[in-house]
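The primary structure of each chain is shown beneath.
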Amino acid sequence: MKVLYFAWLKAKTGLGEEDVIPPDGVATVGQLVEFLKTRSPGHAAAFEAMGVVRVAVNQDYGGLDTPVKAGDEVAFFPPVTGG
Amino acid sequence: MAIRVQREDFDPGAELERFSSGRTDVGGICLFVGLVRDYMGHDPASGAAVNAMTLEHYPGMTERQLEAIEAEARGRWPLDDALVIHRYGKLEPGERIVLVAASSAHRDAAFEACRFLIDWLKTKAPFWKVEHTPEGDAWVDAKESDDAAASRWDRVKP
C-alpha cells in the first residue's frame, strides 16, 4: 500500500510517501491511521488532530470508514487551500 | 473544455481570445484570475507581510478533481466552453495563481459557472499554500467562508 503525505503532514512525518504493509485487521482508513501512528513520533503528531486531516483513497475523497486494501494509494493532507 | 495544472504563467488575454476565436455563437465569456496578495488574512493593515508563497499539489488527483469540477459545471449550465488553469510552485505577490473561465450564449450561465468553478475548486482541488513571511513560513488555513461559498452550490441546481 502506498501512503502519501502533503503540506504539514509531510513535514510532521518527514516523508512525502512510503510503502507500508499494514498488519492483518487493517481494513479501513481509520484502522490504517491507528497503525501509521505507531510508526514514529512524527506520524503520531501528524495524526494527532484528525479533524484537520483529509484523506483520499485512490485519488477520491474518503473518510475514516473508507475501505483500504493492498495496492491502494492512500493520501493524507490538510483541508485544501488552492485558488 | 480544458484543465491545465502548470508551473509556468499563463496569458489571460490569449485565453480570452481563444474562447471566441473563429466562432460567432458565443454570447458572453466570464473569466476570473486569482493573484498572490502581499499580506496575510483579510486586512492589509493588520496582516503580516507575505514575501512569496509556494503552492503544493497532488499530481494526478489534482487533475482528476479539476476535471470532475469542470464536468459538473458543464452538466449544470449550457456552456460553449470552460477552462481551468492552476499554477503550482513558488509565486511572488502580484503573480497569477489561477484562471477559471466559462462561455455561453447568455451571460447568466457564464457568470454562474465561473463563480461555481472557483468556489468548488477552492474546497475540492488538492492544492495547499504555504506563505513565506519575514517571521517564517506558515501553512494557510482553510477558510469557513470558502466552505460556505462552495456549499451554496449544493442548493442551487438549475
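Further up the page is the structure itself.
Residues numbered from 1 in each chain as written. Chains lettered and ligands numbered in written order. Predicted model: local features only at pLDDT ≥ 70, side-chain atom pairs only at ≥ 80, totals over all residues. Heavy atoms only, no water.

Below, the discussion takes up the overall build of chain B. What chain B contains, in helices and strands, is four helices and eight strands. For chain B, the α and β elements follow one another from N to C terminus as β-α-β-β-α-β-β-β-α-β-β-α. Against the 2.2 N^0.38 benchmark of 15 Å for 158 residues, chain B shows a C-alpha radius of gyration of 16 Å, consistent with a compact globule. The C-alpha extent of chain B, read off along each of the three principal axes, is 50 × 35 × 35 Å. In chain B, buried positions account for 44% of the 158 residues. Taking the contacts inside chain B whose residues are at least 6 apart along the sequence as the reference set, 76% of them involve residues at least 24 apart. For chain B, the exposed surface amounts to about 8000 Å²; the carbon and sulfur share of it is 47%. Between the mean site of the 20 positive side-chain charges and the mean site of the 28 negative ones, chain B shows a separation of 3 Å. (Helix = DSSP H or I, 4+ residues; strand = E, 2+ residues; numbered from the N terminus. Rg over C-alpha atoms; globule rule 2.2 N^0.38 Å. Buried < 20%, exposed > 50% of the residue type's maximum accessible area, 1.4 Å probe, protein only. Contact = heavy atoms within 4.5 Å. Areas by Shrake-Rupley, 256 points an atom, 1.4 Å probe, with all protein chains shown as cover. Lys, Arg positive; Asp, Glu negative; His and termini not counted. Charge placed at Lys NZ, Arg CZ, Asp CG, Glu CD.)

Attention shifts here to the sheet that holds strand β4 (residues 79-87) of chain B. Residue and element names in this part refer to chain B. Spatially, β1-β4-β6-β2 is the arrangement adopted by the four strands of the open sheet, whose pairing is mixed. One side of each edge strand has no neighbouring strand; the edge strands of this open sheet are β1 (2-6) and β2 (28-35). Recorded for the sheet is a direction-independent mean angle of 10 degrees between the axes of neighbouring strands. Strand direction decides the pairing type here: β2 and strand β6 (residues 96-104), joined by eight bridges, are antiparallel. Residue pairing across strands places valine 33 opposite leucine 99, the latter belonging to β6. On the sheet, helix α3 (residues 107-124) packs against β2, β4 and β6 and is oriented at approximately 145 degrees with respect to β6. (Pairing = 2+ DSSP bridges. Axes fitted to C-alpha atoms, helices over the stretch in contact; angles between N-to-C directions.)

On to the nonpolar core. Grouped together as the largest cluster of nonpolar side chains are 31 residues, with contacts concentrated most on Leu66, Trp77, Val100 and Leu121 of chain B. Elements with a minimum of two residues in this core: β1, β3 (52-57), α2 (61-76), β4, β6, α3 and α4 (144-155) of chain B. Among the elements that make up this core, the one with the highest residue count is α3 of chain B (nine residues). Setting aside chain neighbours within four positions, we find leucine 66 of chain B in contact with Ile3, Val5, Val84, Leu121, Ala125 and Phe127 of chain B. Counting 20 residues, the second largest nonpolar core, distinct from the first, contains Leu9, Val29, Val55 and Phe76 of chain A. (Core = buried A, V, L, I, M, F, W, Y, C linked by side-chain atoms within 4.5 Å.)

With 26 residues of chain B at the interface, the matching set in chain A holds 19 residues. Between chain B and chain A, roughly 1800 Å² of surface is buried when both sides are summed, and carbon and sulfur atoms account for 58% of that area. Ranking the residues of chain B by area buried against chain A places Tyr58, Met61 and Trp128 of chain B at the top, with a combined share of 35%. Across the chain B-chain A interface, the total number found is two salt bridges. Taking the shortest distance from any N to any O, the salt bridge between arginine 64 of chain B and aspartate 60 of chain A comes out at 2.8 Å. The interface formed by chain B and chain A holds 14 residue pairs in polar contact (both at pLDDT 80 or more) in total. Looking at the side of chain B that touches chain A, the elements that each hand over two or more residues are β3, α2, β6, α3 and β7 (127-133) of chain B. No other element matches α3 of chain B, which puts five residues into the side of chain B that touches chain A. (Buried area = accessible area lost by both parts, 1.4 Å probe. Salt bridge = Lys/Arg side-chain N within 4 Å of Asp/Glu carboxyl O. Polar contact = N/O pair within 3.5 Å; in protein donor to acceptor, adjacent residues only side chain to side chain.)

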